[in-house]
There are 2 protein chains.
Amino acid sequence: MPAHSSRKATHQQTRLHNSRLVLKTIYDHGRISRAEIARITGLTRPTVSDMVAELMEEGLVEEVGQGPSEGGKPPILLSVVDDARHLIGIDLASDAFRGAVINLRGETRHRVHLPLHGQDGEAALQLVYRLIDELASATDRPLLGIGIGTPGLMDPVNGVVRQAVNLDWQDLPLRRLLEERYALPIYVANDCQVAALAEYTFGKGKDVDNLVLIKIEHGIGAGIVLNGQLFYGSTFGAGEIGHVAVVEEGERCRCGNFGCLETVASARAILQRARRAAQTTTIADVCRAFQNGDERVRQPVLEAAKYLGVAAANLVGALSVRRILIAGSVTCFGEGWLEAIRQEMLRRSLGAVACQTEVGFSAIDPDDIVILGASALVLTYELGLFAPLAGGIGATIAETTSGGVTP
Amino acid sequence: MPAHSSRKATHQQTRLHNSRLVLKTIYDHGRISRAEIARITGLTRPTVSDMVAELMEEGLVEEVGQGPSEGGKPPILLSVVDDARHLIGIDLASDAFRGAVINLRGETRHRVHLPLHGQDGEAALQLVYRLIDELASATDRPLLGIGIGTPGLMDPVNGVVRQAVNLDWQDLPLRRLLEERYALPIYVANDCQVAALAEYTFGKGKDVDNLVLIKIEHGIGAGIVLNGQLFYGSTFGAGEIGHVAVVEEGERCRCGNFGCLETVASARAILQRARRAAQTTTIADVCRAFQNGDERVRQPVLEAAKYLGVAAANLVGALSVRRILIAGSVTCFGEGWLEAIRQEMLRRSLGAVACQTEVGFSAIDPDDIVILGASALVLTYELGLFAPLAGGIGATIAETTSGGVTP
């Protein structure tokens, strides 16, 4: 019980906590006996049996055979039913709205991809509805909820898109609209922020408490996981590093300022600069030319690395983070490019701290990362399967939705 | 109970939690009745009476008269005995080792100031002992513990000073040494980090959850409070912004890199640059000249503001923080200087986020801020009086000291 809770725990909260504790223990162990759960959690055997019975009744847990005897009767092993519930994860990307039906293990059961042809405002919202309708009709399992990663400034506490320039959404109460339409728990957060949660939950973040993921596509944004929780910042713009200036007297950015990181290191900026020099029409073309040692694309590609190194140094100085991961189509530039980022970071921040910071590539498919991160939000807040839930905005999010969470 | 605790709460933990909850409620309210405590905390009347009796026996709480009747017998009011315990707060500053005896309200009861004449290594450690000895003998109250803010890279989990260049300390197990000598709970953290905690606890941070304090003296460092907790970072260097490069092809810094923020915006750098231009020997001289419109000092002083604006923009981009405070002797440059920092920050980060970030001066005396921050660590972890304790490194610190804390 945290000392910062200003109220005692009620019986109901304790029961929900214990139930989630048992579910998470089974989930994490794959196959486990009731006795082992009791040993690990410190709960009594009767309490464990009680919670397991309830979880089996809900269809979330099943008996899956017997484990080795430890002297007496061989224990019955329990396992989570991975497809007992499904959920919908959505990525409102700049080129298409993508979504998937996801099970309790984060496995994709069905995908829908709706290309975006310049729709914005109400038309973009209608496309979100169509995407969710198609996905919802593709599963017969009970839906836990819907998780959405959206570009732009997002207020995750109130579920409101404050500003998504490309979609022409301003103060759009996306959560309320979707709750009314689907009567399901809805979680909405910035796409880069949930991408970091995906990496923390399903990718290269499992062994660290703090993690920054820099997502580079059309734009650049970072997601920050601190102490195992997504950090949104007081004004919800945590990780908006794409619009921090890194070039003195630099190009004008679409945000109105000059010399932003996006103007030199986004996939769009790299592509634009490479096009001026060589015959390249996609980032994959630029990658091939770069890997083949084409001097004409070398400069814009390495300049992007340099400025990403500046951004990494700023993140190290602020957060002393152990792992910075880069996600997006630019990962095709490979290890040499990563090393250029690393070297610039080391040159620009305190050696004793920066030398402990790994810079690497995300291991998750860029097309899946936002969908998985949005799914992780649902699995975390609806069932408590992943990140710690106590404290911070996380708890607030959950309290303001129908999902509920132990405080 | 947080869903991330992997164990159920034991009876003893619940009791400690409830006792701290009652103490904090009395502390926060000044004067309060048992009935009101029960109403606020949700604890039963008998539990409250039980906890109050215990706290009174320990001398931490006393009855201080009667409140207005609400129909029946007028209730007896309770109050915390502010001087029931004292603690020692220490600032290992670059010019002197300063310390104070502090009471439960953060009020100073006694001060000791030991100037530093180049002592380092073992001699500096002996000076720490002398400081604590003098302070300990100046109070007859039971000591809660000792809190220390130290320059350099500090591992607060193990209480080890990893690297304090000026003091020539490397991997010094300061906590263990002091625990053995004084048999008291010892809390050691980086001086800039605890300064931020001072501001959060006693200063301008009370109304926000996230706060960055930039401490500018000989060097520059920031302390970061996130979700009400001091954030150290995975590698404990969170806030080491003084050694992030902000000038291309800049001066060599004592850290070995070039163009670090310290080389242009520390009090030392400003003073050095101003000296070249005008007859100034202290920051106070530079301030007077700047306020009097002396053009010769204007440039170095405003250049410092510009680069602090760069640093502020980097912090906004990473953390989306609502309040950035500047502490140290440079606060004498006044509002105009602050405005220059603010403008540069706005020019270099996303407007929709940065416009919500206040930049201000610390309200705490620079000579007291580290002492108070170190004291806040002790009051927080020993009695649970301030910041939330659950989760993160905070909990880990407490578990590894004699103090103990509800997990």
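Conventions and cut-offs
For every chain, the first residue of its written sequence is number 1, and the numbers climb from 1 along that sequence. Following the order in which they are written, the chains are lettered starting with A and the ligands numbered starting with 1. Totals for whole chains, interfaces and linings use all residues, but because this is a predicted model, local features are given only for residues with pLDDT of at least 70 and pairs of side-chain atoms are given and counted only at 80 or more. Each side-chain value is worked out from all heavy atoms of the structure, with water and hydrogens disregarded. Between any two strands, at least two bridges found by DSSP are needed for them to pair. A run of DSSP states H or I qualifies as a helix once it reaches four residues; a run of E qualifies as a strand once it reaches two. Both are numbered from the N-terminal end. To obtain each axis, a line is fitted to C-alpha atoms, and for helices this fit is confined to the stretch in contact; angles are then taken between N-to-C directions over 0 to 180 degrees. Each residue is placed in one exposure class: buried if its accessible area under a 1.4 Å probe, protein chains only, is under 20% of its type's maximum, exposed if it is over 50%, and partly exposed if it falls in between. Any pair of residues with heavy atoms lying within 4.5 Å of one another is described as a contacting pair. In this description, a disulfide is simply a cysteine sulfur pair whose atoms lie within 2.5 Å. Here, a salt bridge means any Lys or Arg side-chain nitrogen found within 4 Å of an Asp or Glu carboxyl oxygen.

Asker: Would you mind showing me how to read the sheet that holds strand 8 (residues 153-155) of chain A here?
Answerer: Strand pairs in the sheet, formed through backbone hydrogen bonds, run parallel or antiparallel to each other. Residue and element names in this part refer to chain A. Strand order in this open sheet of three strands is 8-9-10, and the pairing throughout is antiparallel. Edge strands, defined here as strands with exactly one partner in the open sheet, are strand 8 and strand 10 (169-172). Going across the sheet, the axis of each strand differs from the next one's by a mean of 15 degrees, ignoring polarity. Looking at chain direction, strand 9 (residues 160-164) and strand 10 are connected through three bridges and run antiparallel. Looking at strand 10, one finds that Ala 164 is bridged to Trp 169.

Asker: Just checking my understanding: could you explain the environment of Cys192(A) for this structure?
Answerer: Residues and elements named next belong to chain A. Here Cys 192 is to be found in helix 6 (residues 191-202). In this structure Cys 192 comes out as buried when scored by relative accessible area, which is 10%. Between the C-alpha atoms of Cys 192 and Arg 141, which are 51 residues apart in sequence, the distance is 29 Å. Once you skip the residues sitting within four places of it in the chain, Cys 192 turns out to touch Leu 213, Lys 215, Gly 221, Ala 222 and Gly 223.

Asker: I'm lost on the state of the cysteines in this one. Help?
Answerer: Disulfide: a covalent bond connecting the sulfur atoms of a pair of cysteines. All names here are of chain B. Summed over the entire model, instances satisfying the criterion amount to two disulfides over all chains. Disulfide pairing is shown between Cys 287 and Cys 332; the S-S distance is 1.6 Å. Between Cys 287 and Cys 332 the disulfide shows an S-S torsion of about 60 degrees. By sign, it is right-handed. Residue Cys 287 is found in helix 9 (residues 283-291), and its partner Cys 332 is found in the loop between strand 15 (323-328) and helix 11 (334-347); the two are separated by 45 residues along the sequence. Between Cys 260, a cysteine without a disulfide, and Cys 255, which holds the nearest cysteine sulfur, the sulfur-to-sulfur distance is 3.6 Å. For Cys 260, a relative accessible area of 1% corresponds to the buried category.

Asker: Looking at this structure, how should I read the environment of Leu92(B)?
Answerer: All names here are of chain B. Mapped onto the fold, Leu 92 is located in strand 4 (residues 86-92). Separated by 252 residues in sequence, Leu 92 and Glu 344 place their C-alpha atoms 32 Å apart. Excluding its chain neighbours within four sequence positions, the residues that come into contact with Leu 92 are Phe 97, Val 128, Ile 148, Gly 149, Thr 150, Pro 151 and Trp 169.

Asker: How do you make sense of the pattern of salt bridges when you look at a structure like this?
Answerer: Counted under the stated rule, the structure contains 64 salt bridges over all chains. Residue Glu134(A) is joined to Arg130(A) by a salt bridge in which the shortest nitrogen-to-oxygen separation is 3.3 Å. Residue Glu134(A) and its partner Arg130(A) are located together in helix 4 (residues 121-136), separated by four residues, close to a single helical turn. A salt bridge links Glu295(B) to Arg298(B); the shortest N-O distance between them is 3.9 Å. Taken together, the residues Glu295(B) and Arg298(B), both in helix 10 (residues 295-319) and three residues apart, mark about one turn of the helix. Several salt bridges share partner residues, and in doing so they unite Asp91(A), Asp95(A), Arg98(A) and Asp367(A) into one network.

Geometry only, nothing functional implied.
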